[in-house]
Amino acid sequence: MARALPYLLLLPASLFLLVFFFYPFGLVVVESMTRGGEWTTENFTRMTGHWKFSTAFWNTIWLTAIVVPVQLIMALTMASLVQKLKTGRSGLLYIFAIPLGISDLAAGLVWLAIFEQSGFLNSILHAFGIIDRPQLFLGYQSLWVIFLAVVLAEIWRATAIMMVIIVAGMGLIPKEYNEAAEVFGASRWQRFTKVTLPLLRPSLQTALILRILMAFEVFAVVVALGGTTLPVLMGETFQWQFQLQDRGVAAAYAMVILGLSVAFSLVVLRLLHVPKGARI
Amino acid sequence: MAEIVIKGVAKQFGAFTALHSVDLTIHDQEFMVLLGASGCGKTTLLRIIAGLETPSQGEVWIGGRRVDHLPPRARGIAMVFQNYAVFPHLTVFENIAFGLRMAKLPQAEVTRRVTRTAELMHIEQLLKRYSGELSGGQRQRVAVARALAMEPDVILMDEPLSNLDALLRLEMRAELKGVLAASKTTTIYVTHDQVEAMSLADRISVMNGGFIVQADKPTQVYRNPAARFVGSFIGNPPMNFLPAKRGENGRWHVAGKDFDGPDVAAAEFAIRPEDMHPAKAGLEAEVRVVEPLGPHTLVTAQVAGQPFRAVLESDRAISPGEVITLAPIPDRIRWFDPETQEAIA
Ligand SMILES: Nc1ncnc2c1ncn2[C@@H]1O[C@H](COP(=O)(O)OP(=O)(O)O)[C@@H](O)[C@H]1O
Ligand SMILES: [Mg+2]
């Protein structure tokens, strides 16, 4: 009985998950592979046949490939600095964490307010006399500006989540390891790469997986800043589901996002694997 | 050649003074033990020598070079940490090799030194393991091997045996002594365990409240404490102290008995528990507790209303309530100044 108790206590949550997550999830899987009640791959061929698919796919990949590494470096730098602070540490963490409290759509709108034709950026450039009339930054002629704006908004919005995880992880590393490395001749940079980073692997796994999953699902920020000018996978899922009313293709898109998420999570887990016995 | 000279080193943490002006010289190849109760500043002093802490005042010299402005790695030291600090993400081999790799030694030399020190510490069969797969004692050996592999001028050890169980501690103590003597390094060893200090040290520095009270050979520290504190801290059981009064005749009244003493106005009488034997004449002691210890018997008594302990031969039966007379060995009697607490020569 005593041994069964934890399982019993976890049962409601597990049932909830099964009913409200795995069941609909199963439906989506089935939906992506059927059309009119027949098993088929047509949803996938339709999806890949559409001209926007490859653009959306590569836009998503490129966004992730640029945003996540930049965020990782920024989060590590900020965490290292915060770690050194003697006072005001938690205050600073709260400030860094503010963007976390804002929804992604709101974050997109904040950056829209900066970049749009009547936005802050135009006002400032105009005030300094750098431009003589407001510019259209986010037009379809200048895709790369939209891309850059999305990158900035994403970095602004979601670096803090990585930083918070990394700060917590760094707090778990006893400071004797760093001191031992210092005594045995490691420079500041060597201590970071040879001691801190390897000991941080479990936290880096969490932070990276969480962040990569979020990056593959980027949507609201892109819509706010570029509408459909910059197609991404999640945006296309939305389009097929609600605009084109084709649930099958939408489900196929969802499968692609899922596939990417699983694949990259496995890569991260593999790369940052900590052998048994080598944990703190 | 690595003589360590500490000149007027002080350390404040905010308003709290952890070290008052400390002066100490540790000779080349000497085994110096810093001994004192928890919180007296031993670790702080060791970390200042290592360069992990900056002194508020004073200078640190190692091998004729002033080092207090240098980072730890430029000081020619190696350190064994209290919690070992064996890197969990590296194998035992890579742990021992860590400092050698930082110093960019060629691979052949790294392998040679790791193998040699691992053999010295009897851990050659563990080289492929991670620290999570080692016992406390084995981790301790890795930490020592890592320090020895550097072939440093100076090894600093902060309570290296305090986390081991009693039997292992005894074994490691003897082993450390042999290994360090053979390595010819200057060693500073921090401990709060006086037995460890006695058995390892060439010299002991007894610390109290951020001061070094006495730095001398173990027998000297034991036999001739420079201050009342040293007598009361070292020895198990510690020294006995009794108030004394100068009589008309110039002799000292102690618990109703006369002793020859120093020619000063005020003094306190002191004697070690084992420096007495039962006799016809002597200090009258009312026995409270008797603890047979095998070869000896520890007697806790009252002399002139003061707690008083004696370690006696176990051949004679003594029982609580009994009054015994104890004669101090004359040349083992010590006198302290009640004002300054320092020994009177
Ligand atoms: N970083 C620090 N900040 C404030 N006080 C400290 C710090 N390090 C040590 N102390 C204080 O200094 C005193 C001496 O500490 P320490 O050298 O560690 O003693 P020991 O090693 O002899 O036990 C202690 O009272 C301790 O609380
Ligand atoms: Mg200490």
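Residues numbered from 1 in each chain as written. Chains lettered and ligands numbered in written order. Predicted model: local features only at pLDDT ≥ 70, side-chain atom pairs only at ≥ 80, totals over all residues. Heavy atoms only, no water.

**Some words on the domain arrangement of chain A**
Residue and element names in this part refer to chain A.
- Each assigned domain of chain A is listed here: domain 1 (1–40) and domain 2 (52–278).
- One C-alpha centre belongs to domain 1, the other to domain 2, and the line joining them spans 30 Å.
- Residue-level contacts link six residues of domain 1 with nine residues of domain 2.
- Both sides together, the interface formed by domain 1 and domain 2 hides about 570 Å², and carbon and sulfur atoms give 66% of it. (Domains from an automatic or database assignment. Contact = heavy atoms within 4.5 Å. Buried area = accessible area lost by both parts, 1.4 Å probe.)

**Points about the pattern of salt bridges**
Residues and elements named next belong to chain B.
- On inspection of all chains with the given rule, the structure shows 28 salt bridges over all chains.
- As a salt-bridge pair, glutamate 109 and arginine 113 come within 2.9 Å of each other at their nearest N and O atoms. Of the two residues, glutamate 109 and arginine 113 are both situated in helix α3 (residues 107–120); the distance of four residues between them amounts to about one turn of the helix.
- Given a relative accessible area of 22%, glutamate 109 falls into the partly exposed group.
- Connected through salt bridges with shared partners, the residues Glu109, Arg112, Arg113, Arg116 and Glu151 form a single ionic network. (Salt bridge = Lys/Arg side-chain N within 4 Å of Asp/Glu carboxyl O. Helix = DSSP H or I, 4+ residues; strand = E, 2+ residues; numbered from the N terminus. Buried < 20%, exposed > 50% of the residue type's maximum accessible area, 1.4 Å probe, protein only.)

**Observations regarding the packing of aromatic side chains**
- Summed over the entire model, instances satisfying the criterion amount to 20 aromatic pairs over all chains.
- Considering the side-chain rings of Phe216(A) and Phe264(A), the 5.3 Å spacing of their centres and the 65 degrees angle between planes classify their relative orientation as edge-to-face. Of this pair, Phe216(A) sits in helix α10 (residues 201–216) while Phe264(A) sits in helix α13 (residues 247–271), and the two are 48 residues apart along the sequence.
- On the basis of relative accessibility, which here comes to 1%, the residue Phe216(A) falls in the buried class.
- Given a relative accessible area of 34%, Phe264(A) falls into the partly exposed group.
- A connected cluster of aromatic rings, assembled from ring pairs, spans Phe53(A), Phe57(A), Trp58(A) and Tyr253(A).
- Sitting above the plane of the Phe87(B) ring, Arg146(B) keeps its charged end 5.0 Å from the centroid. (Phe/Tyr/Trp six-rings, centres within 6.5 Å; stacked < 30°, edge-to-face > 60°. Lys NZ or Arg CZ within 6 Å of the ring centre and 35° of its normal.)

**Describing the site of ligand 1**
Residue and element names in this part refer to chain B.
- Taken together, Phe13, Phe16, Ala18, Ala37, Ser38, Gly39, Cys40, Gly41, Lys42, Thr43 and Thr44 make up the full set of residues near ligand 1.
- Its free accessible area being 560 Å², ligand 1 has 60% of it covered by the protein chains.
- Going through the elements one at a time, β2 (16–26) and α1 (42–50) are the ones with two or more residues in the shell around ligand 1.
- The element best represented in the shell around ligand 1 is α1, accounting for three residues.
- Of the residues in the shell around ligand 1, the class split is five nonpolar, five polar and one charged. (Near = heavy atom within 4 Å. Areas by Shrake-Rupley, 256 points an atom, 1.4 Å probe, with all protein chains shown as cover. Nonpolar A, V, L, I, M, F, W, Y, C, P; charged D, E, K, R; others polar.)

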